[in-house]
Amino acid sequence: MKKERNYPKPVLTPGEVAKRSGVAVSALHFYETKGLISSTRNNGNQRRYSRDVLRRVAIIKIAQRIGIPLATVSDSLMHVPANKRMSTQEWDALTQHWREELDKRIETLTRLRNDLDGCIGCGCLSMRDCPLRNPGDRLGEQGSGAVLLDPQQDEQKR
């Protein structure tokens, strides 16, 4: 008696990919229109995905979760063959640029948070000292008071 083996299917339907990856079928179609993933068509003109698409969808979801724009993800994935399992070296190369972008965002957000703390600390939102609205007191050259909120000063400038 022959023992039946359960080999993985060589291709997956959109429903199977959606179920296994946790994204909607419509998201798969959207990713495909953006060139992030690709499919083939069977004799009935139905989409079929290689099993490697599961990894690509996981990468897309990770990138979206950390705020990487899909255009950046698309550019990054162009350097990785679509129907091949990604190696550790390819993953490292792929994410290096993302890491740099995240570090810049973290630095910017930290600086904004720290500047905001100064405003919260004094409570006055001083136009002279506020590093968010008036760095270096550049608004002081336009006159005294709340120059951004004074419609008369806006008319005098015209």
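This text goes with the structure placed above it.
Throughout this document, residue positions are counted from 1 along each chain, in the order its sequence is written. Restriction of local features to residues with pLDDT of at least 70 applies here, the model being predicted, together with a cutoff of 80 or more for giving and counting side-chain atom pairs; totals for whole chains, interfaces and linings are based on all residues. Note: side-chain values were computed over all heavy atoms of the structure, leaving out hydrogens and water.

Examining the sheet that holds strand β2 (residues 40-41)
Turning to step 1, where the next piece is worked out: Two strands make a pair as long as DSSP finds a minimum of two bridges between them. Secondary structure elements are defined from DSSP: runs of H or I of at least 4 residues count as helices, runs of E of at least 2 residues count as strands, and each element is numbered from the N terminus. Taken together, three strands build an open sheet; the order of strands is β1-β3-β2 and the sheet is antiparallel. Single-partner strands in this sheet number two, and they are β1 (11-12) and β2.
Turning to step 2, where the next piece is worked out: Across two bridges, β1 lies against strand β3 (residues 47-50) in antiparallel orientation. Along β3, the bridge assignment pairs L12 with Y49.

Side note on the packing of helix α3 (residues 53-65) against helix α4 (residues 70-77)
Turning to step 1, where the next piece is worked out: Where α3 contacts α4, the two axes come as close as 10 Å, and the packing angle between them is 140°. Comparing their axes, α4 and α3 come out oblique. Between α3 and α4 the crossing geometry is right-handed. For the pair α3 and α4, the contacting residues are R56, I59, I60, A63 and Q64 in the first and L70, V73 and L77 in the second. Lines fitted to C-alpha atoms define the axes, with helix axes restricted to the stretch in contact, and inter-axis angles between N-to-C directions lie between 0 and 180 degrees. Oblique is the label for any angle not covered by the other classes, which are roughly parallel (under 35 degrees), roughly antiparallel (over 145) and roughly perpendicular (65 to 115). Note on convention: the crossing is left-handed when the near helix lies turned anticlockwise from the far helix by less than a right angle, right-handed when the turn is clockwise. The contact criterion used is simple: two residues touch if any of their non-hydrogen atoms lie within 4.5 Å.

Re the pattern of salt bridges
Turning to step 1, where the next piece is worked out: Salt bridges are identified by distance alone: a Lys or Arg side-chain nitrogen within 4 Å of an Asp or Glu carboxyl oxygen. Summed over all chains, the structure comprises two salt bridges.
Turning to step 2, where the next piece is worked out: Ionic pairing is found between R47 and E32, a salt bridge with its closest N-O pair at 3.0 Å. With R47 in strand β3 and E32 in helix α2 (residues 25-33), this residue pair connects regions lying 15 residues apart in the sequence.

Comments concerning the packing of helix α1 (residues 14-21) against α2
Turning to step 1, where the next piece is worked out: Put simply, α1 and α2 touch, their axes get as near as 8 Å, and they point 105° apart. The angle between α1 and α2 falls in the class roughly perpendicular. Only V25, L28 and H29 of α2 make contact with α1, whose side of the interface consists of P14, G15, V17 and A18.
Turning to step 2, where the next piece is worked out: Gly is placed with the polar residues, together with every amino acid not listed as nonpolar (Ala, Val, Leu, Ile, Met, Phe, Trp, Tyr, Cys and Pro) or charged (Asp, Glu, Lys and Arg). Residues belonging to the contact of α1 with α2 are distributed by class as follows: five nonpolar, two polar and no charged.

What to know about the packing of aromatic side chains
The description of an aromatic ring pair rests on the distance of the ring centres and on the angle between the ring planes.
Turning to step 1, where the next piece is worked out: Stacked, edge-to-face and tilted are the three classes for Phe, Tyr and Trp ring pairs, Trp counted by its six-membered ring, which pair at centre distances within 6.5 Å; planes under 30 degrees apart are stacked, over 60 edge-to-face, the rest tilted. Tallying each qualifying case throughout the model produces two aromatic pairs.
Turning to step 2, where the next piece is worked out: Measuring from centroid to centroid gives 6.4 Å for F30 and Y31, while their planes differ by 55°, and the two rings are tilted.
Turning to step 3, where the next piece is worked out: Residue class for F30 comes out partly exposed when judged on its relative accessible area of 38%.
Turning to step 4, where the next piece is worked out: Taken together, a centroid distance of 6.3 Å and an interplanar angle of 90° make the contact between W91 and W98 edge-to-face. Remark: exposure states derive from per-residue accessible area (1.4 Å probe, protein chains only) relative to the maximum for the residue type, with buried under 20%, exposed over 50%, and partly exposed in between.

Remember that the coordinates give geometry; whether it matters functionally is a separate question.
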